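Structure at a glance
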Amino acid sequence: MALELTISGIDAAYGAVRALQGVSISVKDGETVALLGTNGNGKSTLMKCVMGIVRPSTGKIELKIENKNHDLTRLSTEEIVSLGVAMVPEGRRLFPKLTVEENLLLGAFRPQARPDIAKNLALCYETFDVLKQRRGQLAGSMSGGQQQMLAIARALMSSPKLLLVDEPSVGLSPLLVSNTITMIKQLKERHGLTVLMAEQNFHQAIRIADRGYLIVHGEIVFEGESVADLEANDLVKNYYLGTAG
Amino acid sequence: MPQVAHPAFLVMGAYATYVLAGYGVDPLLAGLLLMPVFFVFGLGVYQFYYSTFEGRGSDQGLRGIAFFFGVAFIVQVGLILVFGVDQQLVDASYIGTSVEFGEMRIPKRMLVAFGVALALTSALALYFSRTFTGRAIRAVAQDEGALRLMGADPVRIKRWAFGIATATCALAGALLIIVGPVDPNVDRLYIGRTFCVVVLGGLGSMSGTLVAGLILGIAESVVLTTAGTAWAPAVAFGILLVVLGVRPAGLFGR
């Protein structure tokens, strides 16, 4: 099944504040693409544009899925989710006063995902044992790491084809970050997902990424065709590795 | 935001039951028959509210409440114009008779109202926990943006929730007029009681609401018989103040 996300030349702004300028990236079937950049450089805005939460002022966002092209700039967030795109939002955005299981079941709200609920729920519980143990607990009462697992599991409940993960490492301890990133990789292989991940933790992101983009002040400043490519780049060295002259 | 026209819809349910009862329909059956009508009416009211206030972002602060106060006044005045200010009541086999348990005599109308209210509350609790839409209704109050990411349209969910809330006013209104005579101004009593029950029970807790309703009912009866009828309206506000001071999350608030 062919899937391809193509973002070409988008600008986006919050009022007078420009957040994205001429951003073009693509994500192809089965890839894990990292969107690298420190805070406030437009990673989340780009994710929100894909989900229809923020509307770009110019440019195109096209999703080719099952041989049909969809113009995501014209669809509502709900319609984009219905196409099989799921996002693990920054800050997790769980429903704190619903139980773990209720959060997961809401993840399967889109009608196409409902026939697979039993299968997906079993898979989530198998992958995240702690969620099974705490299925009746309120989501808001769990630790940050557990909440992150729930947020990822909830996104998977919609049987997505394309998974967007916004800053999975925020607020987690180094060990948990490492575990979460490994988990995303495993889930990706298991579900045959295509993943676009925004992350500022360069070392963790490149563990699972096939390739990546570096975004600075709302512009893509470097496109790395491979992890080696990214590591060799001066800008990356400058921003992340501290090894540039 | 509190829907302050809810008690007015409740009284409207009572009057609608009264009208149907005039054609010989059993009041309970009338309440049930009116539920779908009220449901559609609720959808319409929310849609109107959404297009005129919420959708334009002018529902902030007191303006949204002002809208529903306005709706409540229109309902109230409408009822007065059509039915007058006098009390109205209905008749049925279970009104005016009672069951004896040893020393106690319990009016059947009270038992009927209690049983139906319990059944309605249980049905709603099941709906909110077992169905996709029910869970989405609870979620929409917590995070609309996140609900969108689940593929649900928050406006549709809220409209549906409003429809259900209004539909319950039909049956609850029938119970109200079964329990005692109703006049167009009785909704004022219920605004205080509604706030009291919701706050005491804890926002969003169905079981809490049920228990809080029982507590308020018993407290009002005790005060009514010991201190006199003049003190009855003070009970709800008294409990409300104490709960807000001592345990703002309510009995079952989490």
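Residues numbered from 1 in each chain as written. Chains lettered and ligands numbered in written order. Predicted model: local features only at pLDDT ≥ 70, side-chain atom pairs only at ≥ 80, totals over all residues. Heavy atoms only, no water.

1. Digging into empty space enclosed by the protein
On inspection of all chains with the given rule, the structure shows two cavities of 30 Å³ or more. Here the largest cavity defines a volume of roughly 50 Å³. Looking at the largest cavity, the residues that line it are Val81, Ala86, Met87, Gly107, Arg154, Ala155 and Ser158 of chain A together with Leu149 and Met150 of chain B. Among the elements of the structure, β6 (85-88) and α6 (144-156) of chain A are those that each provide at least two residues to the lining of the largest cavity. Taken together, the residues that form the lining of the largest cavity break down as six nonpolar, two polar and one charged. Of the pockets and cavities examined, the second largest cavity occupies roughly 40 Å³. (1 Å grid on protein atoms, 1.4 Å probe; cavity = no way out; pocket = protein on both sides within 12 Å on 5 of 7 lines; lining within 4 Å. Points joined across faces, edges and corners; volume = space filled by probe spheres on them. Helix = DSSP H or I, 4+ residues; strand = E, 2+ residues; numbered from the N terminus. Nonpolar A, V, L, I, M, F, W, Y, C, P; charged D, E, K, R; others polar.)

2. Digging into the domain arrangement of chain A
Residues and elements named next belong to chain A. Looking at chain A, the domain boundaries give domain 1 (1-84 + 161-171 + 191-245) and domain 2 (88-160). Taken over C-alpha atoms, the centre of domain 1 sits 24 Å from the centre of domain 2. With both sides pooled, the region where domain 1 packs onto domain 2 buries about 1200 Å², and carbon together with sulfur makes up 54% of that total. In terms of surface lost to domain 2, no three residues of domain 1 exceed Ser82, Leu163 and His191, which account for 34% of the buried area on that side. Along the contact surface separating domain 1 from domain 2 lie zero salt bridges. Between the two partners, domain 1 and domain 2, sit five residue pairs in polar contact (both at pLDDT 80 or more). Broken down by secondary-structure element, the contributors of at least two residues to the side of domain 1 that touches domain 2 are α2 (77-82) and β7 (162-166). The element best represented in the side of domain 1 that touches domain 2 is β7, accounting for five residues. Residue composition of the side of domain 1 that touches domain 2, grouped by class: nine nonpolar, four polar and three charged. (Domains from an automatic or database assignment. Buried area = accessible area lost by both parts, 1.4 Å probe. Salt bridge = Lys/Arg side-chain N within 4 Å of Asp/Glu carboxyl O. Polar contact = N/O pair within 3.5 Å; in protein donor to acceptor, adjacent residues only side chain to side chain.)

3. Digging into the domain arrangement of chain B
All names here are of chain B. Along its sequence, chain B is organised into domain 1 (6-185) and domain 2 (188-254). On a C-alpha basis, the centroid separation for the pair domain 1 and domain 2 is 19 Å. Counting from both sides, the interface comprises twelve residues of domain 1 and, opposite them, seven residues of domain 2. Approximately 840 Å² of surface area, both sides summed, lies buried where domain 1 meets domain 2, with 77% of it carried by carbon and sulfur atoms. The tally of links from domain 1 across to domain 2 stands at zero salt bridges. Put simply, domain 1 and domain 2 have one residue pair in polar contact (both at pLDDT 80 or more) between them. (Contact = heavy atoms within 4.5 Å.)

4. Concerning the packing of aromatic side chains
Overall, the coordinates contain 18 aromatic pairs over all chains when judged by the stated rule. With a centroid separation of 5.9 Å and an interplanar angle of 65 degrees, the aromatic rings of Tyr127 of chain B and Phe128 of chain B are classed as edge-to-face. One aromatic cluster in this structure is built from Tyr46, Phe48, Tyr49, Tyr50, Phe53, Phe67, Phe68 and Phe162 of chain B. The positively charged end of Arg114 of chain A is found above the aromatic ring belonging to Phe109 of chain A, 4.9 Å away from the centroid. Taking the ring centre of Tyr190 of chain B as reference, the NZ or CZ of Arg193 of chain B above it sits at 4.9 Å. (Phe/Tyr/Trp six-rings, centres within 6.5 Å; stacked < 30°, edge-to-face > 60°. Lys NZ or Arg CZ within 6 Å of the ring centre and 35° of its normal.)

5. A few points about the pairing of strand β9 (residues 211-216) of chain A
All names here are of chain A. Counted residue by residue, β9 has six buried out of six residues, so it is predominantly covered. Side chains Arg211, Tyr213 and Ile215 of β9 all project onto a buried face; the interleaved residues Gly212, Leu214 and Val216 project onto the opposite face, where all are buried too. Here strand β3 (residues 32-36) runs beside β9; their pairing, made up of four bridges, is parallel. Along β9, the bridge assignment pairs Leu36 with Leu214. Here five bridges tie β9 to strand β10 (residues 219-224), and the two strands are oriented antiparallel to one another. Residue Gly212 lies in a different strand from β10, and its bridge partner there is Gly224. (Buried < 20%, exposed > 50% of the residue type's maximum accessible area, 1.4 Å probe, protein only. Pairing = 2+ DSSP bridges.)

6. A closer look at the interface of chain A and chain B
Taken together, the 23 residues of chain A in the interface contact 20 residues of chain B. Here chain A and chain B share an interface that buries about 2100 Å² over both sides, 66% of which is from carbon and sulfur atoms. Considering only the side of chain A, the residues that lose the most area to chain B are Glu78, Phe95 and Phe109 of chain A, jointly responsible for 30% of the buried surface there. Summed over the shared surface of chain A and chain B, the result is three salt bridges. The shortest N-O distance in the salt bridge between Arg138 of chain B and Glu102 of chain A comes to 2.4 Å. Counting across the interface, chain A meets chain B through four residue pairs in polar contact (both at pLDDT 80 or more). Elements with a minimum of two residues in the side of chain A that touches chain B: α2 and α3 (100-107) of chain A. If you tally residues by element for the side of chain A that touches chain B, the top one is α3 of chain A, at four residues. Per-class residue counts for the side of chain A that touches chain B are 14 nonpolar, two polar and seven charged.

7. What about helix α9 (residues 206-227) of chain B?
Within an α-helix, residues lying three or four positions from one another point in the same direction, as the helix has 3.6 residues per turn. All names here are of chain B. Spanning 22 residues, α9 covers 31 Å between terminal C-alpha atoms, matching the ideal 32 Å at 1.5 Å per step. Taken together, the buried positions of α9 are Gly208, Ala212, Leu216 and Glu220. The buried residues of α9 occupy one face: seen down the axis, they fall within an arc of 100 degrees. The exposed residues of α9 that point more than 90 degrees off its buried face are Ile218, Thr225 and Thr226. Each element contacted by the buried residues of α9 is listed here: α8 (187-201) and α10 (232-246). Backbone nitrogen of Gly208 and a side-chain oxygen of the N-cap are separated by 3.0 Å at the start of α9; the cap is Ser205. Following α9 by one or two positions, Gly228 has its phi on the positive side, about 105 degrees. (Expected span 1.5 Å × (residues − 1). Arc of directions from axis to C-beta.)

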